[in-house]
Amino acid sequence: MVKAVVGANWGDEGKGKITDMLAEHADIIVRFQGGANAGHTIKNHYGKFSLHTLPSGVFYGHTTSVIGNGVALDIRKLFQEVGSIVKQGVPQPQILVSDRAQIVMSYHVLFDQYEEERLGSKSFGSTKSGIAPFFSDKYAKIGFQVSELFDEDLLLEKTVRVCEIKNVQLEHLYHKPLLKADDLMTELQEYRQMVEPYVTDVSAYLHQALKEGKTVLLEGQLGTLRDPDHGIYPMVTSSPTLAGYGAIGAGIPPYEIQQVITVCKAYSSQVGAGAFVSEIFGDEADELRNRGGDGGEYGATTGRPRRVGWFDCVASKYGCRLQGTTDVAFTVLDVLGYLDEIPVCVGYDIEGEITTEFPTTAKLQKAKAVYKKLPGWKCDITGIKKYEELPENCRKYIEFIESQIEYPITMISNGPSRTDIIKRQ
Ligand code: GDP
């Protein structure tokens, strides 16, 4: 069977931890979209890791880690990551790379930087990993697919064509050094050498695995609100973040995805720009940020402080709906134990009208949060293993949010480690 682990919000919900935990009973973990632009932080008996390209199930000896066709593949970063986890004592992972994945080139990273520089104060807050230029080129049909690394004639012709297009922009828009086809050939040959042993027809591999009854996890990056269609466009990422895209980005039939585990954090956080209705500021925000996650809410890729706010039922209900949620994993709940009262955003006030439906971006920018305050539980809930053992106000907080978002919370994460989990049916 296939299970997807995806985010309800802006990312950083704790998907890495949930995937790492579920991977114990999975055979194959597939990244199906995104690139090395966001990070998953995982804490287990090997140590603490920040993964960007490898799926979070990579720490087990029995799993196969797959880079699906939907991923923006930065080959150098992939192998740096493998090297770094092996150095930290993790056994050499079993990796497969789709022959249909496309490659993030060094010039994609440069174009990402140049464009953010050009936009100045109007920049998107990109992590400058080349993701937007990469996906633009994929859809403009001038990207390099992994399979093309093995066709020298095609590469010779295509590198010249790519330089013609890119150099116009480099010269006239960005005023930066031009690309040379020979340099691109050298870069591509280096990538071929690195990736060759791992290249696989991933959809055929998964087809066979599913026939044999294997369990596959699809690991999403970011969350619904960063989806290019359903998110807060244009402050979105460049590949779909929804479980439905898992079928495309891995190459499996949509009906194989039987469980969609949508990860929601017990409060909100956002990296980068974009409307954030329940955002908080000042000392209140600093306290939540410093207590948040595991060692503070700072970006796993960039180290940037994350913007923080209270739980947003409007955004999360929408986020869960678009994912096709069967289960909600409610994470980082332990962090809220310091609060006397916990505000929860239960509606948006848009020019005097109250709504619980998540609006399009122009309206979202006018939305003001309508809060309901719930009593805090004022204690540390880490270490608790049974739902009934949680303090009453903590259970009430979970049950209130469940009633607002209208999807079942079946897992509660009360600490960063694999074992900090409370299952609830
Ligand atoms: P992802 O991108 O969705 O995987 O999320 P991140 O890894 O960016 O952010 C989640 C952060 O919260 C990481 O530092 C995790 O170690 C941490 N984390 C995950 N679940 C919990 C939890 O239940 N409690 C606490 N305190 N931290 C958690």
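The structure this text deals with has already been given above.
Calculation notes
Residues numbered from 1 in each chain as written. Predicted model: local features only at pLDDT ≥ 70, side-chain atom pairs only at ≥ 80, totals over all residues. Heavy atoms only, no water. Helix = DSSP H or I, 4+ residues; strand = E, 2+ residues; numbered from the N terminus. Buried < 20%, exposed > 50% of the residue type's maximum accessible area, 1.4 Å probe, protein only. Contact = heavy atoms within 4.5 Å. Axes fitted to C-alpha atoms, helices over the stretch in contact; angles between N-to-C directions. Parallel < 35°, antiparallel > 145°, perpendicular 65-115°, else oblique. Left-handed = near helix turned anticlockwise from the far one by under 90°. Expected span 1.5 Å × (residues − 1). Arc of directions from axis to C-beta. Near = heavy atom within 4 Å. Polar contact = N/O pair within 3.5 Å; in protein donor to acceptor, adjacent residues only side chain to side chain. Areas by Shrake-Rupley, 256 points an atom, 1.4 Å probe, with all protein chains shown as cover. Phe/Tyr/Trp six-rings, centres within 6.5 Å; stacked < 30°, edge-to-face > 60°. 1 Å grid on protein atoms, 1.4 Å probe; cavity = no way out; pocket = protein on both sides within 12 Å on 5 of 7 lines; lining within 4 Å. Points joined across faces, edges and corners; volume = space filled by probe spheres on them. Nonpolar A, V, L, I, M, F, W, Y, C, P; charged D, E, K, R; others polar. Pairing = 2+ DSSP bridges.

1. Considering the environment of C264
Logical step 1: Tracing the sequence through the fold places C264 in strand 11 (residues 257-265).
Logical step 2: Classification of C264 as buried rests on a relative accessible area of 0%.
Logical step 3: Put simply, C264 and V2 are 262 residues apart on the chain and 20 Å apart in space, counted from C-alpha to C-alpha.
Logical step 4: Ignoring sequence-local partners within four residues, the contact set of C264 consists of A8, N9, E13, F311, S316, C320, V328, A329, F330 and T331.

2. Quick word on the packing of helix 5 (residues 152-174) against helix 6 (residues 181-195)
Logical step 1: Viewed as axis vectors pointing N to C, helix 5 and helix 6 meet at an angle of 135 degrees, and their least axial separation amounts to 9 Å. Relative to helix 6, the element helix 5 lies oblique. Considering how the two elements wind past one another, helix 5 and helix 6 form a crossing that is right-handed. Listed contacts from helix 6 to E152, L155, L156, T159, V160, V162 and C163 of helix 5 are A181, L184, M185, L188, Q189 and R192.

3. Overview of helix 6
Logical step 1: Compared with the 21 Å implied by 1.5 Å per residue over 15 residues, the 21 Å span of helix 6 between its first and last C-alpha is a close match.
Logical step 2: Those residues of helix 6 not exposed but buried are L184, M185, E187, L188, Y191 and V195. Along the long axis of helix 6, the arc covered by the buried residues comes to 165 degrees, so they all point the same way. Pointing more than 90 degrees away from the buried face of helix 6 are the exposed residues D182 and Q193.
Logical step 3: In the core, the buried residues of helix 6 are packed alongside helix 2 (75-87), strand 7 (94-98), strand 8 (102-103), helix 3 (106-119), helix 5 and strand 9 (199-200).

4. Focus on the site of the ligand
Logical step 1: Taken together, the neighbourhood of the ligand is formed by 19 residues, with G16, H40, T41, D334 and S413 sitting nearest.
Logical step 2: Here an oxygen atom of the ligand and a backbone polar atom of K15 are 2.8 Å apart.
Logical step 3: Protein burial of the ligand: of its 590 Å² of free accessible surface, 97% is covered by the chains.
Logical step 4: Those elements giving two or more residues to the shell around the ligand turn out to be helix 1 (15-22) and strand 3 (40-44).
Logical step 5: For the shell around the ligand, the element with the highest residue contribution is helix 1, accounting for 3 residues.

5. A word on the packing of aromatic side chains
Logical step 1: Applying the stated criterion across every chain yields a total of 12 aromatic pairs.
Logical step 2: For the pair F111 and Y174, a centre-to-centre distance of 5.7 Å together with 85 degrees between the ring planes defines the contact as edge-to-face. Of the two residues, F111 sits in helix 3 while Y174 sits in helix 5, which places them 63 residues apart along the sequence. Y174 shares its class with F111; the two are buried.

6. What about empty space enclosed by the protein?
Logical step 1: Taken as a whole and assessed by the stated rule, the structure comprises 1 cavity of 30 Å³ or more.
Logical step 2: In terms of lining residues, the largest cavity is bounded by N9, W10, G11, E13, K265, Y267, S268 and S269.
Logical step 3: Here the residues of the lining of the largest cavity are counted per class, giving 2 nonpolar, 4 polar and 2 charged.

7. As for the sheet that holds strand 5 (residues 64-67)
Logical step 1: Within the open sheet, the 10 strands sit side by side as 9-7-5-2-10-1-11-15-19-20. Their pairing is mixed. Edge positions in the sheet fall to strand 9 and strand 20 (421-423), since each has one partner strand and no second.
Logical step 2: Summarising the sheet, strand 19 (residues 409-413) and strand 20 pair through 3 bridges and their orientation is antiparallel. Pairing of I412 across the sheet is with I422, part of strand 20.

8. Considerations on the layout of surface pockets
Logical step 1: The volume enclosed by the largest pocket comes to roughly 870 Å³.
Logical step 2: Surrounding the largest pocket, 43 residues form its lining, F124, S126, T127, A132 and V236 being those nearest its centre.
Logical step 3: Of all the elements in the fold, those that place two or more residues in the lining of the largest pocket are helix 3, helix 4 (131-139) and helix 5.
Logical step 4: Grouping the constituent residues of the lining of the largest pocket by class yields 17 nonpolar, 16 polar and 10 charged.
Logical step 5: Estimates place the volume of the second largest pocket at around 530 Å³.
Logical step 6: If you go around the second largest pocket, you meet 35 residues; those closest to its centre are G14, T41, G293, D294 and R306.
Logical step 7: Sorting the residues of the lining of the second largest pocket by element identifies helix 1, strand 3 and strand 4 (47-51) as the ones contributing at least two each.
Logical step 8: If one sorts the elements of the lining of the second largest pocket by residue count, strand 3 sits on top with 4 residues.
Logical step 9: Taken together, the residues that form the lining of the second largest pocket break down as 9 nonpolar, 15 polar and 11 charged.

9. A few points about unusual backbone geometry
Logical step 1: Put simply, Y233 and P234 share a cis peptide bond, and its omega is 5 degrees.
Logical step 2: By the element assignment, P234 lies in the loop between strand 10 (216-219) and helix 8 (243-250).
Logical step 3: Even without being a glycine, D12 presents a positive backbone phi close to 60 degrees.
Logical step 4: The residue D12 is located in the loop between strand 1 (2-7) and helix 1 in this model.
Logical step 5: The backbone phi angle of E406 is positive, close to 70 degrees, even though this residue is not glycine.
Logical step 6: Mapped onto the elements of the fold, E406 is located in the loop between helix 12 (392-405) and strand 19.

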